[in-house]
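Understanding the architecture of this molecule
Each chain, letter by letter, is given below.
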Amino acid sequence: MQRRDFLRATSVAGIAGLAGCTGMFETQSARSAGQGSFTTVANRKNAVYYPTHKDEMTMLGMGGKGRYKVGLMYSLPHTFWNISGRNTNRAKVGEEVTAHFMATIWDKQTETVLPTANVSAELLKDGETVDSRQLWPMLSQNMGYHFGDNVNLDGDGKYTAKLDIGAMQAKRMGELQGAFGEGTTLEVEFDHSRKKLGDLGYTNLPDKQGKAGAISPMDMKMPISQLPTKKDLPATGLAAGASGDAKFLAFTTEENPHFVADGKSYLGVSARTPYNRYPLPFMGLAATLKRDGETVFDGDFSTAMDPELGYHYGVGVDSLKSGDQLTLTVNAPPQVARHEGYETAFLQMSKMEMELA
């Protein structure tokens, strides 16, 4: 299956049947041999941890069209891990690679980072294509949800990045209703020099590496994909759970989304990383709701996006009451690539039992 096609299958029907065991985690270079000798932490746990070091990155430029906005950054090349079902696949850093290229895409009106899955990049110099590829949806501790890959640039000069952005597949709520149902193409010009890239530094984390925790989000002068805290979530019926080192908040809203049938209630689940509260997208999530021992709902969630609630999973149910027993089942873990510190977490995820407030 092509990765674009796989990432499009973000509904439970598309990914719930994936099987497999967690990939083996090796100790390996976090940079190519000519750019340093940093390695990932050996014998790390299946949880979020501090990586060996923190890379410096630099802003290349911004662009936009309509409500779409994009910010481009790059750093020295480094490894990351792709996810297929419950398996991890390390993306090796090839000798020809120049930089790690990153893009964050957001809504100009609400400054909400958009969770579209399909973004391709064509990098041109003097009108000639020097690199073209699908970008991976990614999670990193200092940047959150973004798109990226290692790319090959053809020496110093002025470049144009042409990004093809697919339509958002998550259901849109609130001020996003009616927007981003169609994709777009954005172009951003930027200057590249080997010296500018080579001068980017890094910070070793010898006292923290491997320990539970995460690097704090960086100030990128653009939106970042953090979810609201439990206290700030504009919802009721809150219940909390945890699985695979991910945090889950179940909730309901006073006003049902436009796509929920009349007479039904909206059950939402906000799944996030610990420490930084980044969303965990493209997960296969199902729920069983019981009341007085009787099952009143048993089914799958869809993905949804709201500027106030953030990226979450939601479904319409006949009714919700305080004291309802909710069981959440992760049929497929988040199908999003991970930078160091996230690649061992959010894979083996057990069922969660909680009671609605």
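None of the values given here were measured: they were computed from a predicted structure. (Residues numbered from 1 in each chain as written. Predicted model: local features only at pLDDT ≥ 70, side-chain atom pairs only at ≥ 80, totals over all residues. Heavy atoms only, no water.)

1. Focus on the sheet that holds strand β21 (residues 325-332)
With antiparallel pairing, the four strands of this open sheet are ordered in space as β18-β17-β21-β23. The open sheet has two edge strands with one neighbour each: β18 (294-300) and β23 (352-355). Adjacent strand axes in the sheet meet at a mean angle of 20° when their direction is disregarded. One ladder, built from six bridges, connects strand β17 (residues 284-291) with β18; its direction is antiparallel. Within β18, the residue paired with Ala 286 across the bridge is Asp 300. (Pairing = 2+ DSSP bridges. Helix = DSSP H or I, 4+ residues; strand = E, 2+ residues; numbered from the N terminus. Axes fitted to C-alpha atoms, helices over the stretch in contact; angles between N-to-C directions.)

2. Looking at the packing of aromatic side chains
Applying the stated criterion to the full structure yields seven aromatic pairs. Where Tyr 68 meets Phe 180, the ring centres are 4.8 Å apart and the plane angle is 80°; that geometry is what we call edge-to-face. Of the two residues, Tyr 68 sits in strand β3 (residues 68-75) while Phe 180 sits in the loop between β11 (171-172) and β12 (184-192), which places them 112 residues apart along the sequence. Residues Tyr 68 and Phe 180 agree in their burial class; the two are buried. Taking the centre distance of 5.5 Å and the plane angle of 10° together, the rings of Tyr 159 and Phe 190 count as stacked. Of this pair, Tyr 159 sits in strand β10 (residues 157-165) while Phe 190 sits in strand β12, placing them 31 residues apart in sequence. (Phe/Tyr/Trp six-rings, centres within 6.5 Å; stacked < 30°, edge-to-face > 60°. Buried < 20%, exposed > 50% of the residue type's maximum accessible area, 1.4 Å probe, protein only.)

3. Concerning the confidence of the model for the protein
Detailed reading of the predicted coordinates is not advisable wherever pLDDT falls low. In the predicted model, the protein carries a mean pLDDT of 89, and the fraction of residues at 70 or more is 89%. Segment residues 1-38 is flagged for pLDDT under 50; beyond a separation of four residues in sequence, or across chains, it makes 95 contacts in the model. (pLDDT = per-residue confidence, 0-100. Contact = heavy atoms within 4.5 Å.)

4. Examining unusual backbone geometry
Even without a glycine there, the phi angle at Arg 277 is positive, about 60°. Checked against the element boundaries, Arg 277 lands in the loop between β16 (265-272) and β17. For Arg 277, a relative accessible area of 26% gives the class partly exposed. At Phe 346, a position not held by glycine, the phi torsion is positive, near 60°.

5. A look at the pattern of salt bridges
Throughout the structure, instances matching the rule amount to 10 salt bridges. For Asp 107, the salt bridge goes to Arg 67, with nearest N and O atoms at 2.7 Å. Within this pair, whereas Asp 107 is found in strand β6 (residues 99-107), its partner Arg 67 is found in the loop between β2 (58-65) and β3, the two being separated by 40 residues in sequence. On the basis of relative accessible area, Asp 107 is assigned to the buried category, the value being 0%. Across the pair Asp 324 and Arg 291 runs a salt bridge, and its minimum N-O distance is 2.8 Å. Highlighted residues: Asp 324 in the loop between β20 (310-317) and β21 and Arg 291 in strand β17, separated in sequence by 33 residues. Like Arg 291, Asp 324 is buried. (Salt bridge = Lys/Arg side-chain N within 4 Å of Asp/Glu carboxyl O.)

6. Section: the nonpolar core
Counting residues in each nonpolar core, the largest one holds 78 residues, and the members touching the most others are Phe 101, Phe 248 and Leu 328. In terms of residue count, the dominant contributor to this core is β6 (six residues). In contact with Leu 328, other than residues within four places in its own chain, are Phe 248, Val 269, Leu 285, Ala 286, Ala 287, Phe 301, Lys 351, Met 352 and Met 354. With 10 residues, the next largest nonpolar core counts Leu 233, Leu 238, Tyr 266 and Leu 309 among its residues. (Core = buried A, V, L, I, M, F, W, Y, C linked by side-chain atoms within 4.5 Å.)

7. Concerning the pairing of β12
A one-sided burial pattern is seen for β12, the buried positions being Thr 184, Leu 186, Val 188, Phe 190 and His 192 and the unburied ones Thr 185, Glu 187, Glu 189 and Asp 191. Where β10 meets β12, nine bridges bridge the pair, whose relative direction is antiparallel. For Ile 165, the partnering residue across the bridge sits in β12 and is Thr 184.

8. Looking at the sheet that holds strand β15 (residues 246-252)
With respect to topology, six strands assemble into an open sheet ordered β11-β19-β20-β16-β15-β14, the strand pairing being mixed. With one partner strand each, in any of the chains shown, β11 and β14 (236-243) form the two edges of the open sheet.

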